[in-house]
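Spelled out, the chains give:
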Amino acid sequence: MVYLILFFSALISATLFPLGSEALFIYDIKEGYNIYLLLFFATLGNSLGSIINYFLGLKGEEYLIEKKLLNEKYINISKKYFDKYGFITILFSWLPIIGDPITFVAGILKYDFKKFMILVVISKFFRYLFIALVV
């Protein structure tokens, strides 16, 4: 049950909802739960939350253009830049506050999903690994 709660906490905290899973992750480590399972479920949940953001951006692009919140011209310009340098940007998706919007923007700009998934999983894994090593 502990791992499931951590999974959902990490999933929700990776979406655009303000919630942090780090405190629960640290608490579970201190309680002596299996570090490998904690790392796996936290990474999995956080990565799936980022994938949700990606698809929200992907499907929400049309709505945002229709409501004139985004300009299609600037999306096309940004897409060229993001296709070239997006891999570096997505590696920063582990950061608090700015990481979640990065994954949303990747969806709006239709960044290659396979690359996105690989980069997000790497980023999220190292986020929790760092926390585990510090604790």
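Residues numbered from 1 in each chain as written. Predicted model: local features only at pLDDT ≥ 70, side-chain atom pairs only at ≥ 80, totals over all residues. Heavy atoms only, no water.

- Under an unreviewed UniProt entry, the protein chain has the name Membrane protein YqaA, SNARE-associated domain and belongs to Arcobacter defluvii.

**Re the packing of helix α3 (residues 35-66) against helix α6 (residues 113-134)**
Alright, step 1. Close contact between α3 and α6 brings their axes to 9 Å; oriented N to C, the two are set at 140°. Taken together, the axes of α3 and α6 are oblique relative to one another. Where α3 crosses over α6, the handedness of that crossing is right-handed. Here Ile-35, Leu-39, Ala-42, Thr-43, Asn-46, Ser-47, Ser-50, Ile-51, Tyr-54 and Phe-55 of α3 come into contact with α6, specifically with Phe-113, Phe-116, Met-117, Val-120, Val-121, Lys-124, Phe-125, Arg-127, Tyr-128, Leu-129 and Ala-132. (Axes fitted to C-alpha atoms, helices over the stretch in contact; angles between N-to-C directions. Helix = DSSP H or I, 4+ residues; strand = E, 2+ residues; numbered from the N terminus. Parallel < 35°, antiparallel > 145°, perpendicular 65-115°, else oblique. Left-handed = near helix turned anticlockwise from the far one by under 90°. Contact = heavy atoms within 4.5 Å.)

**Brief notes about the nonpolar core**
Alright, step 1. Within the largest apolar cluster, 14 residues are counted, with the highest numbers of intra-cluster contacts made by Phe-82, Ile-90, Ala-106, Ile-108, Leu-109, Tyr-111 and Phe-116.
Alright, step 2. Only α3, α4 (72-91), α5 (99-108) and α6 provide two or more residues apiece to this core.
Alright, step 3. Beyond its immediate stretch of four places on either side in the chain, Ala-106 contacts Tyr-54, Phe-82, Ile-90, Tyr-111 and Phe-116.
Alright, step 4. Listed in part, the 11 residues of the second largest apolar core include Phe-25, Ile-29, Ile-131 and Ala-132. (Core = buried A, V, L, I, M, F, W, Y, C linked by side-chain atoms within 4.5 Å. Buried < 20%, exposed > 50% of the residue type's maximum accessible area, 1.4 Å probe, protein only.)

**Points about the UniProt feature "transmembrane region" (unreviewed entry) in the protein chain**
Alright, step 1. On the UniProt side, "transmembrane region" (unreviewed entry) is annotated at positions that read residues 33-56, 85-109 and 115-134 here.
Alright, step 2. The span residues 33-56 is 92% helical and 0% strand by assignment, and the distance between its end C-alpha atoms comes to 34 Å.
Alright, step 3. Within the segment residues 115-134, helix and strand shares are 100% and 0% respectively, and the terminal C-alpha atoms sit 29 Å apart. (UniProt positions renumbered as here; feature names shortened; annotations may be inferred.)

**A word on the UniProt feature "domain: VTT" (unreviewed entry) in the protein chain**
Alright, step 1. As annotated in UniProt, the feature "domain: VTT" (unreviewed entry) corresponds to residues 34-134 in the numbering used here.
Alright, step 2. Strand forms 0% of residues 34-134 and helix 83%; the C-alpha atoms that close the span are 16 Å apart.

**What about the environment of Ser-93?**
Alright, step 1. For Ser-93, the position within the fold is in the loop between α4 and α5.
Alright, step 2. For the pair Ser-93 and Leu-119, spaced 26 residues apart in sequence, the C-alpha to C-alpha distance is 8.8 Å.
Alright, step 3. Setting aside residues up to four positions removed in sequence, Ser-93 forms contacts with Gly-99, Thr-103, Val-120, Ser-123 and Lys-124.

**Side note on the packing of aromatic side chains**
In this description, an aromatic ring pair is defined by two values, namely the gap between the centres and the angle between the planes.
Alright, step 1. If you walk through the whole model with that rule in mind, you get 13 aromatic pairs.
Alright, step 2. An angle of 65° between the planes, with centres 5.1 Å apart, marks the rings of Phe-25 and Tyr-128 as edge-to-face. Of this pair, Phe-25 sits in helix α2 (residues 22-30) while Tyr-128 sits in helix α6, placing them 103 residues apart in sequence. Each member of the pair, Phe-25 together with Tyr-128, is buried. (Phe/Tyr/Trp six-rings, centres within 6.5 Å; stacked < 30°, edge-to-face > 60°.)

**Description of the pattern of salt bridges**
Alright, step 1. Within the structure shown, the criterion is met by three salt bridges.
Alright, step 2. A salt bridge links Glu-61 to Lys-110; its shortest N-O distance comes to 2.1 Å. Taken together, the positions of Glu-61 in helix α3 and Lys-110 in the loop between α5 and α6 put the pair 49 residues apart, joining distant regions of the chain.
Alright, step 3. For Glu-61, a relative accessible area of 11% puts it in the buried group.
Alright, step 4. With a closest N to O distance of 3.2 Å, Asp-83 and Lys-79 form a salt bridge. (Salt bridge = Lys/Arg side-chain N within 4 Å of Asp/Glu carboxyl O.)

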